[in-house]
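# Close look at the chain arrangement
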Amino acid sequence: MQKTYIITGLSGSGKTTTIQAFEDASFYCVDNMPIELLPKFLDLPLKENPEVKGLAFVMDMRSKNFISNYASGICSIEDLGIFPQIIFLEADVDTLLRRFSQTRRQHPVSDEKSLLENIKLENKMMLPIKQTAHHIIDTTQYNVHQLKSRILDLIYDGDKSVSLTKINIISFGFKYGIPNDADLVMDMRFLNNPYFIPELKSQDGESEVVKQFVLSNNEATLFLEKYLNLLDYLIPLYKRENKAYLTFAIGCTGGRHRSVAIARRIFEHLNKKGLTPGLIHRDIDRDIKQT
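In this report, the structure presented in the accompanying data block is examined. Computed from a predicted model, the values in this text were never measured in an experiment.

Attention now moves to the packing of aromatic side chains. Evaluated as defined, the whole model comprises ten aromatic pairs. A ring pair is formed by Y195 and F196, whose centres lie 5.3 Å apart and whose planes are at 90 degrees; its orientation type is edge-to-face. With a relative accessible area of 63%, F196 lands in the exposed category. Above the face of the F174 ring, R189 is positioned so that its terminal group lies 3.9 Å from the ring centre. The aromatic ring of Y176 is capped on one face by R286, whose charged end is 4.3 Å from the ring centroid.

Structure follows, in structure tokens:
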């Protein structure tokens, strides 16, 4: 059965960042969902879609009847056999004041009181909701990346083997430009070029003869040892920051020989570690197509 979460809490406490984390985890998400409409929404056949891992709804004081309808709304959901996990977000008053000052948004409680009065009033009004929560998260000391990481830990129950970072390895030719989405670029033009070996010129870096030529080079062996160690160190750090895409670009002059062979070797290394990277040889046939 799909998991269902209700995300609520104080205005300015990080509900937008939280719903984005659920979206990244392949949940179907609705922001500012009126709780009285939720039972009808849950009747939709979303649970039949295998790509949807669960449902997440943000509900808060923007819906004027939220507090008065909350208890009956939860009961009506549970009558359907659905028992949602309630996440309540909060932060201290000074932090909420600062966040509202930065965003320059109106507080949803009232436009007739001061911001400080509205924050204090909402805190008091939301207390009964907070008491029903399964998870209470104080976001005072969190930046957006830390909060997202905290939510993903909650979704995956602390399973550190789950990663939403998609790793790609791209081989390319410098004469055709560096890939725009590259996070880390390496230049393989220090290696001997198979292009100048007549029997290798027409082959590419996926052929065994070219791979043997490139990878048997002492400089290539030493480079791969150091570079793969670097990636083994960096990738967990990028994952910790919940980077959605991570692209390693490996270049040579034309993107046909050296960069292809090295990119393939990097792909094999990361694949053995269970990282399931993508491999793209952007320019492997570019020279042939232009001659």
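Once that is clear, we can look at the pattern of salt bridges. Taken as a whole and judged by the stated rule, the model has 13 salt bridges. Among the ionic pairs, D60 bridges to K15, the shortest N-O distance being 3.7 Å. Taken together, the positions of D60 in the loop between β3 (54-58) and α3 (66-78) and K15 in helix α1 (residues 15-24) put the pair 45 residues apart, joining distant regions of the chain. This pair shows no difference in class: D60 is buried, exactly as K15 is. We note a salt bridge from R256 to D285, for which the minimum N-O separation is 3.6 Å. Highlighted residues: R256 in the loop between β8 (245-252) and α11 (258-272) and D285 in the loop between β9 (278-281) and α12 (286-289), separated in sequence by 29 residues.

Analysis parameters
Residues numbered from 1 in each chain as written. Predicted model: local features only at pLDDT ≥ 70, side-chain atom pairs only at ≥ 80, totals over all residues. Heavy atoms only, no water. Phe/Tyr/Trp six-rings, centres within 6.5 Å; stacked < 30°, edge-to-face > 60°. Buried < 20%, exposed > 50% of the residue type's maximum accessible area, 1.4 Å probe, protein only. Lys NZ or Arg CZ within 6 Å of the ring centre and 35° of its normal. Salt bridge = Lys/Arg side-chain N within 4 Å of Asp/Glu carboxyl O. Helix = DSSP H or I, 4+ residues; strand = E, 2+ residues; numbered from the N terminus.

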